[in-house]
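Here are the chains, one letter per residue:
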Amino acid sequence: MKIKKICCIGAGYVGGPTMSVIADKNPGIQVTVVDINEARIKAWNSENLDELPVYEPGLSEVVARARGRNLFFSTEIEKNIDEAEMIFISVNTPTKTYGKGKNMAADLKYVELCARQIANVATSDKIVVEKSTLPVRTAQAIKTILDQTGNGVKFQILSNPEFLAEGTAIQDLEQADRVLIGGEQSAEGKEAIQALVDIYAAWLPQENILTTNVWSSELSKLTANAFLAQRVSSINAISELCEATGADVSEVAKAIGMDSRIGPKFLKASVGFGGSCFQKDILNLVYIAKSLGLDNVADYWEQVIIMNDHQKKRFAENIVSTLFNTVSGKKIAFLGWAFKKDTNDTRESAAIYVADLLLEEQAEIQVYDPKVKPHQIYTDLNALNTRTEEENKAQLQVVNNPYEACKDAHAIAVLTEWDEFTTYDWKRIYDTMKKPAFVFDGRKILKEEELKAIGFEYYAIGKA
Ligand code: UDX
Ligand code: UDX
């Protein structure tokens with residue numbers, strides 16, 4: 001089956017970049033990304049490519065090539081669903097905040113809404129692709145809903161999890177380690193799988209395109225994220241041990257990473273992992289294991305989250321204790337708010353939780369992040385409901401210049417590993433700060449010797 005039209009529901013961090021690359025590499029296929037959020041679609045259609053709703057290195061170039069040619073962003077959801085032979089579901093699947101499975105299970109209401117919408121409008125056979133990360137066996141639920149239409153339309157459900165990481169999304173898509181496609185092991189299922197394989201084969205070698213059954217594909221996505229997050233929590237656990245013993249976590253990471261069985265990636269100690277996926281996916285895994293009565297499996301994976309929460313808390317507590325056990329009325333500069341560099345995404349960023357703890361200690365915070373907008377920072381803090389919006393506004397300021405953020409500060413906390421932080425005039429920063437001037441490097445990116453020579457009291461994660 002040759003696909004001519006694709007519709008993707010959800011123009012977010014996953015749907016937007018993924019469809020842009022698919023369109024770029026398949027000029028013969030018309031790709032339309034639809035979303036209920038009109039402002040988001042307007043931003044995707046913006047003439048000024050700096051205004052795209054997602055910031056990713058290389059994305060604006062891809063959009064510039066394909067948009068208007070065979071890549072479209074639209075709010076006309078039903079029309080585009082009906083016209084497409086293949087529909088990607090790429091809506092968000094947040095952790096449930098209510099009812100059974102609260103704070104653990106994935107909330108599938110948006111996915112179900114998509115399935116119902118497809119069922120309502122489809123007048124021809126469709127391949128429906130799960131792009132969103134979903135609990136194992138969600139494909140079954142989607143199929144059951146779709147098969148109830150009663151109008152004779154046939155559906156095939158594929159699982160095609162996304163492995164792109166934010167900040168490197170375009171590179172991860174263009175040079176994917178692997179693409180995973182799960183489908184029904186029947187003749188029709190295999191035909192649907194092949195249709196999607198053909199789309200990726202436009203730019204990826206066949207041997208990098210893995211096909212499996214649906215459940216393996218769904219579970220592989222959760223497992224990949226759980227393993228990655230587990231490595232970060234493991235090295236973060238060792239970072240605390242390093243601080244207590246005089247070992248240096250970078251040296252330990254390098255030493256173990258050279259063992260080819262361990263490998264060097266995902267061994268950077270940090271103030272804690274963030275992002276929309278790691279915590280959500282592990283909680284999801286824990287919930288599934290618990291639901292199946294596999295308590296030991298659930299407890300094992302839950303430790304990854306417990307360790308991550310501990311790391312964020314301990315970073316904030318270390319700032320308070322080092323600043324002579326009080327930060328009340330003291331100004332603390334935050335360099336970075338995004339959950340990692342090269343993205344404007346702040347979901348689950350460690351900065352939010354560190355700020356919240358310091359604000360509870362009555363600190364005054366001045367934030368500078370190269371890509372995150374002030375409105376987002378207040379939205380993140382207000383969502384915690386720890387204090388009123390007015391109190392957050394009074395205690396935390398957002399500035400658009402790092403030197404201004406650090407002026408008169410008692411301490412600087414580095415929360416995101418933005419490259420530009422290493423290029424600042426640190427002597428100039430030092431001269432404008434209160435003394436002693438402290439730096440707490442939650443990403444271990446600044447040059448320790450240089451800062452100490454200037455006069456800073458420098459503390460980095462994982463070093464005594
Ligand atoms: C990603 C992944 O797709 C998902 O697997 C993971 O669970 C969460 O992160 P992401 O693209 O980052 O999703 O989410 P987001 O940026 O929130 O985008 C989702 C989009 O879907 C939003 O723009 C939202 O408006 C849209 N949406 C949601 C719809 O168009 N229809 C709906 O019914 C619900
Ligand atoms: C992750 C997965 O990597 C990706 O495959 C999946 O599709 C979505 O989830 P993402 O969350 O975008 O991607 O970024 P990632 O690079 O994995 O970083 C997640 C968090 O871990 C960030 O806060 C990052 O700073 C932190 N991290 C990562 C570390 O603290 N140390 C490391 O060594 C690596």
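Everything in this summary refers to the structure shown in the same document.

Rules and cut-offs
- Residues numbered from 1 in each chain as written.
- Chains lettered and ligands numbered in written order.
- Predicted model: local features only at pLDDT ≥ 70, side-chain atom pairs only at ≥ 80, totals over all residues.
- Heavy atoms only, no water.
- Salt bridge = Lys/Arg side-chain N within 4 Å of Asp/Glu carboxyl O.
- Helix = DSSP H or I, 4+ residues; strand = E, 2+ residues; numbered from the N terminus.
- Buried < 20%, exposed > 50% of the residue type's maximum accessible area, 1.4 Å probe, protein only.
- Near = heavy atom within 4 Å.
- Polar contact = N/O pair within 3.5 Å; in protein donor to acceptor, adjacent residues only side chain to side chain.
- Areas by Shrake-Rupley, 256 points an atom, 1.4 Å probe, with all protein chains shown as cover.
- Nonpolar A, V, L, I, M, F, W, Y, C, P; charged D, E, K, R; others polar.
- 1 Å grid on protein atoms, 1.4 Å probe; cavity = no way out; pocket = protein on both sides within 12 Å on 5 of 7 lines; lining within 4 Å.
- Points joined across faces, edges and corners; volume = space filled by probe spheres on them.
- Axes fitted to C-alpha atoms, helices over the stretch in contact; angles between N-to-C directions.
- Parallel < 35°, antiparallel > 145°, perpendicular 65-115°, else oblique.
- Left-handed = near helix turned anticlockwise from the far one by under 90°.
- Contact = heavy atoms within 4.5 Å.
- Phe/Tyr/Trp six-rings, centres within 6.5 Å; stacked < 30°, edge-to-face > 60°.
- Lys NZ or Arg CZ within 6 Å of the ring centre and 35° of its normal.
- Core = buried A, V, L, I, M, F, W, Y, C linked by side-chain atoms within 4.5 Å.
- Pairing = 2+ DSSP bridges.

1. Quick look at the pattern of salt bridges
- This structure, assessed with the given rule, holds 26 salt bridges.
- When the shortest N-O distance is used, the salt bridge between K5 and E83 registers 3.5 Å. Of the two residues, K5 is situated in strand β1 (residues 5-9) and E83 in helix α4 (residues 77-83); the sequence distance between them amounts to 78 residues.
- Residue class for K5 comes out partly exposed when judged on its relative accessible area of 27%.
- For K341, the salt bridge is made with D419, and the minimal N-O distance between the two is 3.0 Å.

2. What about the site of ligand 2?
- Among the 20 residues in the neighbourhood of ligand 2, the closest are listed as F163, E166, S270, K340 and R443.
- A distance of 2.7 Å separates an oxygen atom of ligand 2 from a polar backbone atom of F163.
- A distance of 2.9 Å separates an oxygen atom of ligand 2 from a polar atom in the backbone of G274.
- Considered on its own, ligand 2 offers 660 Å² of accessible surface; in the complex 90% of this is hidden by protein.
- Looking at which element gives the most residues to the shell around ligand 2, the answer is helix α9 (residues 214-245), with four residues.
- In terms of residue class, the shell around ligand 2 is built from 11 nonpolar, three polar and six charged.

3. Observations regarding the layout of surface pockets
- The space that makes up the second largest pocket amounts to roughly 260 Å³.
- Taken together, M1, D125, K126, I127, K143, K154, F155, Q156, E184, E188, E191 and A192 make up the lining of the second largest pocket.
- At the level of elements, β5 (126-130), β6 (155-159) and α8 (187-200) are the ones that each hand at least two residues to the lining of the second largest pocket.
- Looking at the lining of the second largest pocket, the element that brings in the most residues is α8, giving three residues.
- Of the residues in the lining of the second largest pocket, the class split is four nonpolar, one polar and seven charged.

4. Here we look at the site of ligand 1
- Taken together, 19 residues lie near ligand 1, and D35, R40, T93, T133 and K280 sit nearest.
- The separation between an oxygen atom of ligand 1 and a polar main-chain atom of Y13 is 3.0 Å.
- Backbone polar atom of I36 to an oxygen atom of ligand 1: 3.1 Å apart, as the coordinates give it.
- Residues belonging to the shell around ligand 1 are distributed by class as follows: six nonpolar, nine polar and four charged.

5. Regarding the packing of helix α5 (residues 109-121) against helix α6 (residues 138-146)
- Direction vectors running N to C along α5 and α6 enclose 30 degrees, while the axes themselves pass 9 Å from each other. Classified by the angle between their axes, α5 and α6 sit roughly parallel to one another. Between α5 and α6 lies a crossing whose hand is right-handed. Residues V111, E112, A115, R116, I118 and A119 of α5 lie in contact with α6, whose contacting residues are I142, I145 and L146.

6. Remarks on the packing of aromatic side chains
- Per the stated rule, a full pass over the model turns up 16 aromatic pairs.
- Plain terms: the ring middles of W44 and F73 are 4.8 Å apart, the flat faces sit at 5 degrees to each other, and that makes the pair stacked. Pair noted here: W44 is in helix α2 (residues 38-44) and F73 is in strand β3 (residues 71-74), with a separation of 29 residues, a long-range link. Residue W44 shares its accessibility class with F73, and that shared class is buried.
- A centroid spacing of 5.5 Å and a plane angle of 80 degrees characterise the contact between F273 and F278, whose relative ring orientation is edge-to-face. Like F278, F273 is buried.
- Within the aromatic cluster, the residues linked to one another by ring pairs are Y403, F421, Y424, W426, Y430 and F456.
- When the ring centre of W215 is taken as reference, the NZ or CZ atom of R137 above it lies at 4.2 Å.
- Above the ring of Y378, the side-chain terminus of K393 is found at 4.8 Å from the ring centroid.

7. Observations concerning the packing of helix α11 (residues 278-291) against helix α12 (residues 295-322)
- Following both chains from N to C, one finds α11 and α12 inclined at 155 degrees, their axes separated by 8 Å at the closest point. Taken together, the axes of α11 and α12 are roughly antiparallel relative to one another. α11 and α12 meet at a crossing whose hand is left-handed. On α12, the residues that touch Q279, I282, L283, L285, V286, A289 and K290 of α11 are D295, V297, A298, W301, E302, V304, I305, D309 and K312.

8. Observations regarding the side chain of S233
- Residue position: S233 is located in helix α9.
- Excluding residues that lie within four positions of it along the chain, S233 makes contacts with F273, V304, M307 and N308.

9. Let's talk about helix α14 (residues 374-382)
- Among the residues of α14, I377, Y378, D380, L381 and N382 are the ones counted as buried.
- Next to the buried residues of α14 lie α13 (350-360), β10 (364-368), α15 (389-395) and β11 (396-398).

10. What about the nonpolar core?
- Counting residues in each nonpolar core, the largest one holds 63 residues, and the members touching the most others are F334, W337, L358, W426 and F456.
- With seven residues, α13 is the largest single contributor of residues to this core.
- Counting residues in each nonpolar core, the second largest holds 44 residues, with Y13, L52, L71 and M86 among its members.

11. Quick look at the pairing of strand β14 (residues 457-460)
- Of the two faces of β14, only the one carrying Y458 and A460 is buried; E457 and Y459 on the other face are not.
- Summarising the sheet, strand β13 (residues 438-441) and β14 pair through four bridges and their orientation is parallel. Looking across to β14, one finds that F440 is bridged to Y459.

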